[in-house]
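Read off the chains here:
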Amino acid sequence: TAEGSPSRRAGLGPGDEIVEVNGVRIDRLDLQGLVELLHRARTQRVRLGVVRPGRVVAQDLELNPAEVDMPTVDRAFILSPGIGYLHLSGFDLKTPREVREALGRLGAEPLTGLLLDLRDNPGGVLETAVGVASFFLPQDVPVITVRGRAFPEKVYRTRATTAHYDLP
């Protein structure tokens, strides 16, 4: 659970199993019923039935739903002299701005290399990922080609950016 999130504040942790939402057992719901229940739970106080690891009886936890702003550049530091490190946990609309700001914080002396760590990154907005690649690659370089049966091939290319970062 994310730091500062409603689930963390309520005490929900790794290994906890949610078995009820507002008194409704979730193992008895089909997918559509679960989606509807979770959608309703986003706007009102929620009571979860949670089974902790090693326990068999559910404990009730109450949560107040809230939007949690999670940074996508969640770690940034100098790995060794001249080498920066950025971990990107996903690609959403704010990621290019966060990358630019993180590079600014690292840039006391020019970087000769940068490790972009994408481990455990589930992806996100494709155009945003291309925008991040545009910081480091020349303009108009193909980044990804998308092909499918139901739509024509599309090549996504780097674009001009005012925040281009040149590594030697």
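Residues numbered from 1 in each chain as written. Predicted model: local features only at pLDDT ≥ 70, side-chain atom pairs only at ≥ 80, totals over all residues. Heavy atoms only, no water.

**Quick notes on the overall build of the protein chain**
Applied cut-off: Numbering of helices and strands runs from the N terminus; a helix is a DSSP stretch of H or I covering at least four residues, while a strand is a stretch of E covering at least two. Only protein chains enter the accessibility calculation, which uses a 1.4 Å probe; a residue whose area is less than 20% of its type maximum is buried, one above 50% is exposed, and one in between is partly exposed. Contacts between residues were defined by any pair of non-hydrogen atoms, one from each residue, lying within 4.5 Å. Using the Shrake-Rupley algorithm and a 1.4 Å probe, accessible areas are obtained, with residue cover drawn only from the displayed protein chains.
Within the protein chain, the secondary structure is distributed over four helices and nine strands. Listing each helix as α and each strand as β along the protein chain from the N terminus yields α-β-β-α-β-β-β-β-α-β-α-β-β. The burial tally for the protein chain puts 31% of its 168 residues in the buried class. Long-range pairs, those at least 24 residues apart, make up 56% of the contacts in the protein chain with a sequence separation of at least 6. Just so you have it, the protein chain exposes about 11100 Å², and 54% of that area is on carbon and sulfur atoms.

**As for the sheet that holds strand E4 (residues 59–63)**
Put simply, the rule is: Here the rule is simple: two strands pair whenever DSSP picks up at least two bridges between them.
The strand order E2-E1-E3-E4 describes an open sheet built from four strands, whose pairing is antiparallel. Both edges of this open sheet fall to strand E2 (24–25) and E4, since each of them pairs with a single strand only.

**Digging into unusual backbone geometry**
A positive phi angle, close to 50 degrees, is found at Asn22, a residue other than glycine. Classification of Asn22 by relative accessible area gives partly exposed; the value is 28%. We note that Asp140 has phi near 70 degrees; this positive angle belongs to a residue other than glycine. For Asp140, the position within the fold is in the loop between helix H4 (126–136) and strand E8 (142–146).

**Remarks on the sheet that holds strand E5 (residues 73–80)**
Heads up, the condition is: Axes here mean lines fitted to C-alpha atoms, for a helix over just the part in contact, with angles spanning 0 to 180 degrees between N-to-C directions.
The three strands lie next to each other as E5-E6-E7, forming an open sheet whose pairing is mixed. A strand with exactly one partner marks an edge of an open sheet, and here the two such strands are E5 and strand E7 (113–117). Going from strand to strand, the sheet's axes swing by 20 degrees on average, the running direction of each strand aside. Examined bridge by bridge, E5 and strand E6 (residues 83–88) share six bridges and lie antiparallel to one another. Counterpart to Arg75 in the pairing with E6 is His87. Each of E5, E6 and E7 touches helix H3 (residues 95–106); the most contacted strand, E6, lies at about 155 degrees to it.

**Examining the environment of Arg47**
By the element assignment, Arg47 lies in strand E3 (residues 46–51). In this structure Arg47 comes out as partly exposed when scored by relative accessible area, which is 32%. Taking the C-alpha atoms as reference points, Arg47 and Asn22, 25 residues apart in sequence, are found 4.9 Å from one another. When sequence neighbours within four positions are dropped, the list of residues in contact with Arg47 reads Glu20, Val21, Asn22, Gly23, Asp60, Leu61 and Glu62.

**Concerning a nonpolar patch on the surface**
Note the cut-off: Think of a patch as exposed residues, more than 30% relative accessible area, with no salt bridge, where like charges cluster within 9 Å and nonpolar side chains (Val, Leu, Ile, Met, Phe, Trp, Tyr) cluster within 5 Å. Just to be clear on terms, a salt bridge is a Lys or Arg side-chain nitrogen sitting within 4 Å of an Asp or Glu carboxyl oxygen.
The grouping of Phe77, Leu79 and Leu115 at the surface amounts to a nonpolar patch, some 260 Å² of accessible area in total. Tracing the sequence through the fold places Leu79 in strand E5.

**Overview of the pairing of strand E1 (residues 17–21)**
Pairing of E1 with E3, which is carried by four bridges, proceeds in the antiparallel orientation. Residue pairing for E3: Glu20 is matched across the bridge by Gly49. As judged from the two bridges shared by E1 and E2, these two strands associate in the antiparallel manner. Its bridge partner being in E2, Glu20 is matched across the sheet by Arg25.

**Describing H3**
What counts is decided by this rule: Multiplying 1.5 Å by the residue count of a helix minus one yields the expected span of that helix. It is the directions from the helix axis to the C-beta atoms whose arc is reported.
The end-to-end C-alpha distance of H3 is 16 Å, a good match for the 16 Å that twelve residues give at a rise of 1.5 Å each. What H3 keeps buried is the set Thr95, Pro96, Glu98, Val99, Ala102, Leu103 and Leu106. Considered in projection along H3, the buried side chains sweep an arc of 160 degrees and stay on one side of the axis. When the buried face of H3 is taken as reference, the exposed residues oriented beyond 90 degrees from it are Gly104 and Arg105. At its buried positions, H3 is contacted by E5, E6, E7 and H4.

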